[in-house]
Amino acid sequence: MSTATRQIDIASVESIRGQFPALERQEGGYPVAYFDGPGGTQVPRPVVEAISHYLYHHNSNTHWGYATSNETDETIRNGRAALADLLNASPSEIAFGPNMTTLTFHLSRALGRAFAPGDEIVVTELYHHANIDPWRALAKERGVTVHSVRMLRETGQLDWNDLEAKVSKRTKVLAVGGASNALGTINDVRRAAEIAHKVGALLFADGVHSTPHIPTDVKAWNCDFLACSAYKFYGPHVGVLYGREDLLQSIDFPKLLPAPDSSPERAETGTQNHEGIAGAAAAVDFLASLAAGPSRRAKLHAALAGLDARGHALVTQMWEGLSNIPGVKLFGPTPAEPRTPTLSFVVQGFPAAEVSAHLAKQGAFVSHGNFYAATVVERLGLARQGLVRAGCACYTTSREVDRLIDGVREIARCQSPLAR
């Protein structure tokens, strides 16, 4: 990480924390430390206020000739503009849906209408199954062949040699992720796009875990599509799909006959979550408020770069602290490699669920299981035990990381229930 990135001036942790009422919660006499952000972050006041303001004052359906309907149209336009700034896209390239998984199934089925037996899709072992199973479904529906790229078990990184070997002239889609929600691995999406485009394939990126942590630039990454979820970056449960405008305009999306046939509406089905879109836009504005800049896009880039630097310090502290505890094993890239501030580990002899429950009693909320990255956990040989996952967000403090490390150290000293 460059010195310039580390010197970016962003809001203090204390000022950020003051915007999150959830941080006032106590559990077992402890203030709650939310390390569950990779599964969904807490929500700041401006986001909740935007949602309630829409519902109280502007609630309507779209495209009709009265004030609240016009205001709802404006809410959606503002939402597209905000997410376009976050991803460096155009508003006409931003579609909304219930979540990333649903949007990916919708897109895969639409693309699949043009696929035939002999066509191929390449996925990877490293990611959430929302970027695996929608593409695998086309093997049954359209007779296409799906290849899976290996994850390097020792490092939690993609085997790029295997990726290049599996992409061929028959490949129609290469589906990769910006970052692994289980291991924190950050991938070079632009490199993957170059490999895909060299053979005329499309590049679909899962940005759910990367978007909250690193500046996203669909133009620089040369993505054809990218999907993410607002609830991972301090917003409500709304999914977002970026698609190149020419592709959104030409793909044979399943749609109702009277529905709009222009992009991006043609990629959406039914009435959208208008209040959620208002909240998603407010979440983007919240992130932009954390740094200075001449435009919202510039503020977002500065804020995310600054949060990345802060998150790197926290995950380094967590890695070093946990790695010094006997019986604790960490997975994924070390802090010397590109990674998000999300760390997964196990405590020898303890199921992940028991570690999570122990930490919860001390007010440290962590995730456990496979996080829908089931193939990753299987490759690590932990399908039964599961992983413990701790992620740092914009409101995480160094003191909270110390408390997590102390809690893990305490359970590691106990007698393993598997040895009783």
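Every chain's residues receive numbers from 1 upward, in the order its sequence appears when written. Local features in this predicted model are restricted to residues of pLDDT 70 or higher, and side-chain atom pairs are both shown and tallied only at a pLDDT of 80 or more, whereas totals for entire chains, interfaces and linings draw on every residue. The side-chain quantities take in all heavy atoms of the structure and omit both hydrogens and water.

**Examining the pairing of strand β11 (residues 225-229)**
Burial analysis of β11 places 5 of its 5 residues in the buried class, the great majority of the element. Here's how the labels work: a residue is buried when its accessible area is under 20% of the maximum for its type, exposed when over 50%, partly exposed in between, all with a 1.4 Å probe on protein chains only. Secondary structure follows DSSP: runs of H or I at least 4 residues long count as helices, runs of E at least 2 residues long count as strands, and numbering of each begins at the N terminus. Side chains Phe 225, Ala 227 and Ser 229 project from β11 onto one buried face, and the interleaved Leu 226 and Cys 228 project onto a second face that is buried too. Being paired, for any two strands, means DSSP has found at least two bridges between them. Examined bridge by bridge, strand β10 (residues 202-206) and β11 share 3 bridges and lie parallel to one another. Note on β11: the bridge partner recorded for Phe 204 is Phe 225. Bridge analysis of β11 against strand β12 (residues 239-243) gives 5 bridges, and the strand direction is antiparallel. Counted as the bridge partner of Leu 226 is Tyr 242 from β12.

**Observations regarding the pattern of salt bridges**
The term salt bridge refers to a side-chain nitrogen of Lys or Arg lying within 4 Å of a carboxyl oxygen of Asp or Glu. A complete count under the given rule lists 22 salt bridges for this structure. A salt bridge links Asp 224 to Arg 244; the shortest N-O distance between them is 2.4 Å. Taken together, the positions of Asp 224 in the loop between α9 (218-221) and β11 and Arg 244 in the loop between β12 and α10 (245-250) put the pair 20 residues apart, joining distant regions of the chain. Residues Arg 409 and Asp 406 are paired through a salt bridge, measuring 2.9 Å at the closest nitrogen-oxygen approach. Remark: Asp 406 and Arg 409 occur in helix α15 (residues 398-412); sequence separation between them is 3 residues, near one turn of the helix. Using a relative accessible area of 29% as the deciding quantity, one classes Arg 409 as partly exposed. Each of Arg 150, Asp 159, Asp 162 and Lys 166 takes part in salt bridges that share partners, so that together they form one network.

**Comments concerning the layout of surface pockets**
Approximately 500 Å³ is the volume attributed to the largest pocket. A cavity, in this analysis, means grid points on a 1 Å lattice covering only the protein atoms where a 1.4 Å probe fits yet has no way out; a pocket is instead an open set bounded by protein on both sides within 12 Å along at least five of seven lines, and a residue lines either one if it has an atom within 4 Å of a point. Thr 62, His 63, Pro 260, Glu 265 and Gly 270 are the residues nearest the centre of the largest pocket, which is lined by 20 residues in total. Breaking the lining of the largest pocket down by element, the ones donating at least two residues are α4 (67-87) and α11 (274-288). Grid points are joined across faces, edges and corners, and a volume is the space filled by probe spheres set on the points.

**Description of the environment of Ala 267**
Its place among the elements puts Ala 267 in the loop between α10 and α11. With relative accessibility at 1%, the residue Ala 267 sits in the buried group. Every residue pair with non-hydrogen atoms within 4.5 Å of one another is taken to be in contact. With residues up to four places along the chain from it excluded, the contact list for Ala 267 reads Ala 95, His 106, Leu 248 and Phe 253.

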